[in-house]
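Residue-level structure breakdown
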Amino acid sequence: MSTQQWHQFLQASAQQHPLSEISPSLINETVICDLSHLGLLQLQGADAFTFLQGQVTNDVKQLNGNLAHYSGYCNPKGRLLALFLAFAHQEHIHLQLPKDLIAPIAKRLKMYVMRSKVEIQDVSESIIKIGVYGARSIELLGSLFPEIPQTDYALTALDSGALIRLPGSQPRFEIFTDIAHAPAIWDKLSQHAKTVNAAYWELLEIQAGIPEVYPATQEEFVPQMLNLDLLNGINFKKGCYTGQEIVARTHYLGTVKRRSHLAHIETHTENSTTPPKPGDNVLNSSGDIVGKVARCAPSYNGGYDLLAEIRLESVEAGSLNVNGSALDILQLPYAL
């Protein structure tokens, strides 16, 4: 089956199992989602681990085939160019990030390969990615796979791919598989789970407090501004990598004055002009720019949930808005 046939398969499946709209009725449902909007880079070769160790914020050597982690990719000034969900499988390293960033990030990484024995490939189309979330997800996955990861970021290697457990208020997983096995997995899951679109998966990521970097927000954030240290996405003992000096100085001098916050806005107010998007400014009551939207998605009850990087003193002062809509700060699932 080709990639085109996979998408044709999904279209045919949607006639039997239509996409569910984001609404309060989904809160207690177990759902599945095609994650084709996410890109995937594959690194392989004798020097792949050593090469990547000098590029990213986390310790690549921890990717032993049993776990995944988040890692940042910075410019020399310590500003994020990308965030990766990284894991190793069958002697390959995989880096998941928004598909729009695949080409420029792959190009940049290849610039630094030099004489290292590393091959970098875009495998976004050949590896199928499926998200599963909800109270019944463990039960459903147990009917397909012999072992289910029990803790966040744990990875179970499969003959046809990998299964990773992700953080969430209910069990949440991502399946990585090949085109040959994906239809049978999808058919099995869709019999007992609601099918949702990428916007709903984005909402689940936001509610789990997971940040992202998009083309509109590249080089806007130091990793700590997106809480990457709180998500164990920075290893301060691993040694040098691009931007390491700035990231380490921010950590050891205790100068993190901006953090990402979970928030909600309603967009049906009289002053609202447009829905939020990554890169939009967060303003205070005086109209000063005090932060930026990092990630956003439609919420269950209307409006939008988002992760916004904001000055800490501005959060304490209150009266924040995005595009004229009031910003209500919510509780993250982890402490700032």
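Rules and cut-offs
- Residues numbered from 1 in each chain as written.
- Predicted model: local features only at pLDDT ≥ 70, side-chain atom pairs only at ≥ 80, totals over all residues.
- Heavy atoms only, no water.
- pLDDT = per-residue confidence, 0-100.
- Helix = DSSP H or I, 4+ residues; strand = E, 2+ residues; numbered from the N terminus.
- Buried < 20%, exposed > 50% of the residue type's maximum accessible area, 1.4 Å probe, protein only.
- Pairing = 2+ DSSP bridges.
- Phe/Tyr/Trp six-rings, centres within 6.5 Å; stacked < 30°, edge-to-face > 60°.
- Lys NZ or Arg CZ within 6 Å of the ring centre and 35° of its normal.

A closer look at the confidence of the model for the protein chain
Mean pLDDT over the protein chain stands at 93; residues scoring 70 or higher make up 98%. Across the protein chain, strand S3 (residues 68-74) holds the top mean pLDDT of 98, while helix H1 (residues 3-16) sits lowest at 86.

Some details on unusual backbone geometry
Of note in the backbone geometry, Glu 219 takes a positive phi value of approximately 65° without being a glycine. Checked against the element boundaries, Glu 219 lands in the loop between helix H6 (198-207) and helix H7 (244-252). The exposure class of Glu 219 is partly exposed, given its relative accessible area of 44%. You will see that Asn 227, though not glycine, has its phi angle at about 65°, which is positive. Take Asn 227: its relative accessible area is 1%, and that puts it in the buried class.

A closer look at H6
Among the 10 residues that make up H6, seven are buried, leaving the element largely enclosed by the rest of the structure. Taken as a whole, H6 has its buried residues at Tyr 200, Trp 201, Glu 202, Leu 203, Leu 204, Glu 205 and Ile 206. Taken from the residues just after H6, Gly 209 is the one with a positive phi, measuring 75°.

Concerning the pairing of strand S5 (residues 92-98)
Burial analysis of S5 places six of its seven residues in the buried class, which makes it a mostly covered element. As paired strands, strand S2 (residues 38-44) and S5 are joined by six bridges and run antiparallel to one another. The partner of Leu 38 across the bridge, within S5, is Pro 98. In this structure, strand S4 (residues 80-89) lies alongside S5, joined through five bridges in antiparallel fashion. Its bridge partner being in S5, Ala 86 is matched across the sheet by Leu 95. Counting the residues between successive antiparallel strands, the hairpin from S4 to S5 contains two residues, one of them, Gln 90, with a positive phi of roughly 50°.

Quick look at the environment of Gln 5
Within the fold, Gln 5 resides in helix H1. Its relative accessible area of 41% is what places Gln 5 among the partly exposed residues. Spatially, the C-alpha atom of Gln 5 lies 23 Å from that of Leu 163, the residues being 158 residues apart in sequence.

A word on the packing of aromatic side chains
Considering all chains together, one arrives at seven aromatic pairs under this definition. A centroid spacing of 6.0 Å and a plane angle of 25° characterise the contact between Tyr 73 and Phe 84, whose relative ring orientation is stacked. In this pair, Tyr 73 sits in strand S3 while Phe 84 sits in strand S4, placing the two residues 11 residues apart along the sequence. The residues Tyr 73 and Phe 84 share a single accessibility class, namely buried. By way of ring pairs, the aromatic residues Trp 6, Phe 9 and Trp 186 are connected into one cluster. Looking at Arg 172, its charged tip hangs above the ring of Trp 201, at a distance of 5.0 Å from the centre.

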